[in-house]
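Given next are the chains, with one letter for each unit.
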Amino acid sequence: MNPYILATLLFGLGLGTTITFASSHWLLAWMGLEMNTLAIIPIMAHLHHPRAVEATTKYFLTQATAAAMLLFASTTNAWLTGQWDIQQMSHPLPVTMITLALALKIGLAPVHSWLPEVLQGLDLTTGLILSTWQKLAPFALLLQICPTNSTLLTMLGLTSTLVGGWGGLNQTQLRKILAYSSIAHLGWMILILQFSPSLTLLALFTYLIMTFSTFLVFKLNKSTNINALAISWAKATALTSLTPLILLSLGGLPPLTGFMPKWLILQELTKQELPATATLAALTALLSLYFYLRLSYAMTLTMSPNNLTGTTPWRLPSAQLTLPLALTTTSTLTLLPLTPAITAALSL
């Protein structure tokens, strides 16, 4: 892609998210979301591959549906209450509609079906943008309206953690596994949103760091399925030894960073006298942990069946910058001891 066009699109992507962050009026927030969608569509379709075009079309249709639903709900709210202000949402009907529209935008279960299919059709860099940056604007709106419909949020959260764990079990394509991982993590964030928005922010922050490092590892190895992952030991030995730790951090095992948000969310749910919800969430985390362990096993303890033992695959030196990978990997593995400082900072 022409670098000037790419720079313009990335600027549009950043501007759309910033407008949504800064807006207090529903029409301005909607406009930011639309700019965001329209800016990423050419980036998604730039490969001109049938799968990429198909993924772009699916993405466009789901985002347009969610945006129309959001606009309709905000208009309904203005009609019922005379308010366009985002933080003045008092009527339960538009709040529920907007929550569902934003759930469709970020890919929460049960309106998640588009996310694995779209992510599978994209290259890893665009998939990274879709899994991280594109979640920020809808989350900003969710945090601002702070829905009080506890049953809806709990159902969305539990369904997402369950579907995210269950759906990834039988996958061999890494991008689909990461999509289901995204759905499960978003479920944890939504589960705690009504009780502690600061914990939702913490979970989102750690999810972004862990997903960033995972995508960069797969990009460096040029891996898109489990078989390709199994021969990565020959490409980058040191990285192959660290990658299982990154995956286990995504799964939420101590003493890695990914354990922090899960631990604090379960603690908060217990404090709110919701032991059944906390237990279900913890059990669904085991499903996710299984497929991270499966990837770790494939990377470190098996040899790819289509490769002769001991042969190094032909490769050219990677042009990818390693500093972002080093920084995000370090954060993914070592932030757990800073939990008291982070929670203190969030509660200010």
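If you're wondering where the values come from, they're calculated on a predicted model, not measured in any experiment.

Definitions and limits used
- Residues numbered from 1 in each chain as written.
- Predicted model: local features only at pLDDT ≥ 70, side-chain atom pairs only at ≥ 80, totals over all residues.
- Heavy atoms only, no water.
- Helix = DSSP H or I, 4+ residues; strand = E, 2+ residues; numbered from the N terminus.
- Buried < 20%, exposed > 50% of the residue type's maximum accessible area, 1.4 Å probe, protein only.
- Contact = heavy atoms within 4.5 Å.
- Core = buried A, V, L, I, M, F, W, Y, C linked by side-chain atoms within 4.5 Å.
- Domains from an automatic or database assignment.
- Buried area = accessible area lost by both parts, 1.4 Å probe.
- Salt bridge = Lys/Arg side-chain N within 4 Å of Asp/Glu carboxyl O.
- Polar contact = N/O pair within 3.5 Å; in protein donor to acceptor, adjacent residues only side chain to side chain.
- UniProt positions renumbered as here; feature names shortened; annotations may be inferred.
- Phe/Tyr/Trp six-rings, centres within 6.5 Å; stacked < 30°, edge-to-face > 60°.
- Lys NZ or Arg CZ within 6 Å of the ring centre and 35° of its normal.

1. Topic: the side chain of S74
Following the sequence through the fold, S74 ends up in helix α3 (residues 50-81). The buried category is assigned to S74, whose relative accessible area is 1%. Ignoring any residue separated from it by four or fewer positions in sequence, one finds S74 in contact with W26, W84 and I98.

2. Points about the nonpolar core
Residues W26, I98 and I190 are the most contacted members of the largest nonpolar core, which totals 49 residues. Both domains that furnish three or more residues to this core are identified here as domain 1 (1-148) and domain 2 (159-170 + 208-305 + 322-347). Those residues in contact with W26, other than ones at most four positions away along the chain, are L70, S74, W84, D85, I86, M89, I98, L141 and I145. Listed in part, the 47 residues of the second largest apolar core include L13, V217, L239 and L325.

3. Notes on the domain arrangement of the protein
When the domains of the protein are assigned, the result is domain 1 (1-148) and domain 2 (159-170 + 208-305 + 322-347). The distance between the C-alpha centroids of domain 1 and domain 2 comes to 25 Å. On the domain 2 side, the residues contacting the twelve residues of domain 1 number eleven residues. Between domain 1 and domain 2, the buried area comes to about 960 Å², and carbon and sulfur atoms account for 84% of it. When the buried area of domain 1 at its contact with domain 2 is split by residue, A109, L124 and L128 rank highest and sum to 54% of it. Seen at the junction of domain 1 and domain 2, the total is zero salt bridges. Between the two partners, domain 1 and domain 2, sit one residue pair in polar contact (both at pLDDT 80 or more).

4. A word on unusual backbone geometry
With an omega dihedral of 5°, the bond running from A109 to P110 counts as a cis peptide bond. Within the fold, P110 resides in the loop between α4 (92-106) and α5 (114-120). Omega for the peptide link from P254 to P255 comes to 5°, which places this bond in the cis form. Of note, H48 is a non-glycine position whose phi angle comes to about 60°, a positive value. On the secondary structure map, H48 appears in the loop between α2 (26-45) and α3. Not every positive phi belongs to a glycine, and K222 is a case in point at roughly 55°. Along the polypeptide, K222 turns up in the loop between α10 (197-221) and α11 (226-230). Exposure remark for K222: the relative accessible area of 60% places this residue in the exposed category.

5. Structural notes on the UniProt feature "transmembrane region" (unreviewed entry) in the protein
UniProt records the feature "transmembrane region" (unreviewed entry) at residues 60-80, 92-115, 177-195, 201-221, 233-254 and 274-293, using the numbering of this structure. Spanning residues 92-115, this segment combines 71% helix with 0% strand, and its end C-alpha atoms are found 28 Å apart. Structurally, residues 233-254 comprises 68% helix and 0% strand, and the distance from its first C-alpha atom to its last is 25 Å.

6. Describing the UniProt feature "domain: NADH:quinone oxidoreductase/Mrp antiporter transmembrane" (unreviewed entry) in the protein
UniProt's entry tags residues 23-287 with the feature "domain: NADH:quinone oxidoreductase/Mrp antiporter transmembrane" (unreviewed entry), counted in the numbering of this structure. Taken end to end, residues 23-287 is 77% helix and 0% strand, and its two terminal C-alpha atoms sit 38 Å from one another.

7. Thoughts on the packing of aromatic side chains
Counted by the stated rule, this structure contains three aromatic pairs. Considering the side-chain rings of F259 and W263, the 5.7 Å spacing of their centres and the 10° angle between planes classify their relative orientation as stacked. Taken together, the residues span about one helical turn, with F259 and W263 both in helix α13 (residues 259-271) at a distance of four residues. Taking the relative accessible area as the measure of exposure, W263 reaches 40% and is therefore partly exposed. The residue whose ring lies beneath K262 is W188, and the NZ or CZ to ring-centre distance is 5.3 Å.

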